[in-house]
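Structural characterization, general
Residues per chain, in single letters:
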Amino acid sequence: MATSTALEHVRGVWERMRGNSPIYDFLLPDVVLISATQGSITAHLTLGKNHVNSRGTIHGAVSAALVDWSGGLAIATHGLEKTGASVDIHVTYIGTAQAGEIVEIHALANKVGRSMAFTTIRISKVVDGKPGPVVATASHTKFISQPKQ
């Protein structure tokens, strides 16, 4: 899938997801998909009050939701419309980010088979317009119930 086609496809998948997932609607109304190529997506999110814990830093559950969301969209770059159900999410919390800061979410679909897909995700703070300190890394496995198109 060509770069512009992959990005258009993933943006379409995301638009069709909106309104069907209250948690994504709550956490990700302002997420911006920056790029997509086959097997990879990059997005930015400015953290707000609904993303942080009592200390004002990104909540671990938000990081896990970003992993689930972005891993699915990385899988979608393979032409899939539905990206399955999570089998396993493993998040390693390395650093933090605060409300008002931008995080970059970079997801790779390492393998997309007929029934399983495996992804890795990196969430980083954006510093001077570039990915800076790592906030979290993750691996995400999904069961996919449809054949690749």
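Residues numbered from 1 in each chain as written. Predicted model: local features only at pLDDT ≥ 70, side-chain atom pairs only at ≥ 80, totals over all residues. Heavy atoms only, no water.

The protein chain appears in an unreviewed UniProt entry as Thioesterase domain-containing protein from Cadophora malorum. Regarding the protein chain, the UniProt comment filed under Sequence similarities (unreviewed entry) reads as follows: "Belongs to the thioesterase PaaI family." (UniProt positions renumbered as here; feature names shortened; annotations may be inferred.)

Brief notes about the environment of V91
Mapped onto the elements of the fold, V91 is located in strand β3 (residues 85–93). Owing to a relative accessible area of 16%, V91 belongs among the buried residues under this scheme. Separated by 28 residues in the primary sequence, V91 and S63 have C-alpha atoms spaced 7.9 Å apart. Contacts of V91, omitting those with residues within four sequence positions, involve A64, V67, A136, T137 and A138. (Helix = DSSP H or I, 4+ residues; strand = E, 2+ residues; numbered from the N terminus. Buried < 20%, exposed > 50% of the residue type's maximum accessible area, 1.4 Å probe, protein only. Contact = heavy atoms within 4.5 Å.)

Regarding the sheet that holds strand β5 (residues 116–127)
If you trace the six strands from one edge of the open sheet to the other, you get β1-β2-β4-β5-β6-β3, paired in antiparallel fashion. If you trace the sheet from one side to the other, it starts and ends with β1 (32–37) and β3, each paired once. Averaged over all adjacent pairs, the angle separating strand axes in this sheet is 20 degrees, with direction ignored. Pairing of β3 with strand β6 (residues 130–143) involves eight bridges; the strand directions are antiparallel. Bridge pairing in β6 places D88 opposite T141. (Pairing = 2+ DSSP bridges. Axes fitted to C-alpha atoms, helices over the stretch in contact; angles between N-to-C directions.)

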